[in-house]
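Take a look at the letters that make up each chain.
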Amino acid sequence: MADNYLEKKMEELHNRKVGCAPTRVSPASRHLLTFPFKPLRVLVIARDRHAVSQYTKTFQQAGCRVAVVSTIDAAETDLPQDHGCRYYAVGNDEQTAPAFSNLIASWRDIDVVVMLDNWPAMTALLRDHAASRPYPNDWGFPILTVSQNRVTRHDIMADITISSPVPDVPDVPDRPEATVLTFLALKSNSPISSITF
């Protein structure tokens, strides 16, 4: 009896068509717009900010590695205890270079920079890093500057300078600008220079 059962199952398997089962698309995902997004290495420059989790969380939810450079300690920000970011608290401009070189030694490169505050020392380090690479960054190394109700993309690889300093953005949680950061960070979005709310 066991032999007959096994023979029947083998025949059924043998007689089936070779191929894959049709994929089902859920009704909820039919109306979603998706983009190819590799796990990026994202640097968030937040000079004196307490509300930075809205900017880090956006990229972390997309599977990216995030580092934050700030002048205040991580415990003074709204980042949770287990925030999962590399956090560099630097006291002055002289301490930015060692923190930046530690980040580059760990990650080898940076794919996207989110600049929340104008910080000339960090901008100079980013320019020097982009110029010192023996090959260009395949993602394009965009710098996303965030101002109130506006996110602007600058392409440092095309030697486009940030013409004006980043205006002061209110240091409050749940800013609407954080929602478009991943969209402007996309590789194929270099023609889109800014999004205004």
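The shown structure was predicted, so the numbers you read here are calculated from the model rather than taken from an experiment. (Residues numbered from 1 in each chain as written. Predicted model: local features only at pLDDT ≥ 70, side-chain atom pairs only at ≥ 80, totals over all residues. Heavy atoms only, no water.)

1. Observations regarding the pattern of salt bridges
Pairing between side chains becomes possible if they bear opposite charge and their charged atoms approach one another. Counted by the stated rule, this structure contains six salt bridges. In this structure, aspartate 93 and arginine 47 form a salt bridge, with 3.7 Å as the shortest nitrogen-oxygen distance. Here arginine 47 lies in the loop between strand S1 (41-45) and helix H2 (53-60) and aspartate 93 lies in the loop between strand S3 (86-89) and helix H3 (96-107), a separation of 46 residues in the sequence. For aspartate 93, a relative accessible area of 36% puts it in the partly exposed group. For arginine 47, a relative accessible area of 25% corresponds to the partly exposed category. With a shortest N-O distance of 4.0 Å, aspartate 109 and arginine 133 are connected by a salt bridge. Here arginine 133 lies in the loop between helix H4 (120-132) and strand S5 (142-147) and aspartate 109 lies in the loop between H3 and strand S4 (112-115), a separation of 24 residues in the sequence. (Salt bridge = Lys/Arg side-chain N within 4 Å of Asp/Glu carboxyl O. Helix = DSSP H or I, 4+ residues; strand = E, 2+ residues; numbered from the N terminus. Buried < 20%, exposed > 50% of the residue type's maximum accessible area, 1.4 Å probe, protein only.)

2. Details of the nonpolar core
Grouped together as the largest cluster of nonpolar side chains are 29 residues, with contacts concentrated most on Val42, Phe59, Val114, Leu116, Leu144 and Leu181. Apart from the residues within four sequence positions on either side, leucine 144 is in contact with Phe59, Val112, Val113, Val114, Met115, Val151, Thr152, Arg153, Leu181, Leu184 and Ala185. In terms of nonpolar packing, the next biggest core, distinct from the first, is built from 22 residues, Val69, Ile104, Val113 and Leu125 among them. (Core = buried A, V, L, I, M, F, W, Y, C linked by side-chain atoms within 4.5 Å. Contact = heavy atoms within 4.5 Å.)

3. Concerning the sheet that holds strand S6 (residues 150-155)
Read across the sheet, seven strands follow the order S3-S2-S1-S4-S5-S6-S7 without closing on themselves; strand pairing throughout is mixed. For this open sheet the edge positions go to S3 and strand S7 (194-196), each flanked by a neighbour on one side alone. Each strand of the sheet is rotated relative to its neighbour by a mean of 15°, with strand direction disregarded. With six bridges connecting them, S5 and S6 associate as antiparallel partners. Looking across to S6, one finds that isoleucine 143 is bridged to histidine 154. With respect to the sheet, H2 is in contact with S1, strand S2 (65-70), S4 and S5, its orientation differing from that of S2 by roughly 160°. In the packing of H4 onto the sheet, the strands contacted are S1, S2, S4 and S5, and the crossing angle to S1 comes to about 155°. (Pairing = 2+ DSSP bridges. Axes fitted to C-alpha atoms, helices over the stretch in contact; angles between N-to-C directions.)

4. Comments concerning H3
With twelve residues, H3 ought to run about 16 Å at 1.5 Å a step, and its terminal C-alpha atoms sit 16 Å apart, in line with that. The complete set of buried residues in H3 reads Thr96, Ala99, Phe100, Leu103, Ile104 and Trp107. Projection of H3 onto a plane perpendicular to its axis shows the buried side chains occupying an angular sector of 135°, all on one side. Among the structural elements, S1, S2, S3 and H4 are those in contact with the buried residues of H3. In the segment just after H3, arginine 108 is the residue with positive phi, at about 75°. (Expected span 1.5 Å × (residues − 1). Arc of directions from axis to C-beta.)

Function cannot be read off these values alone, since they describe shape.
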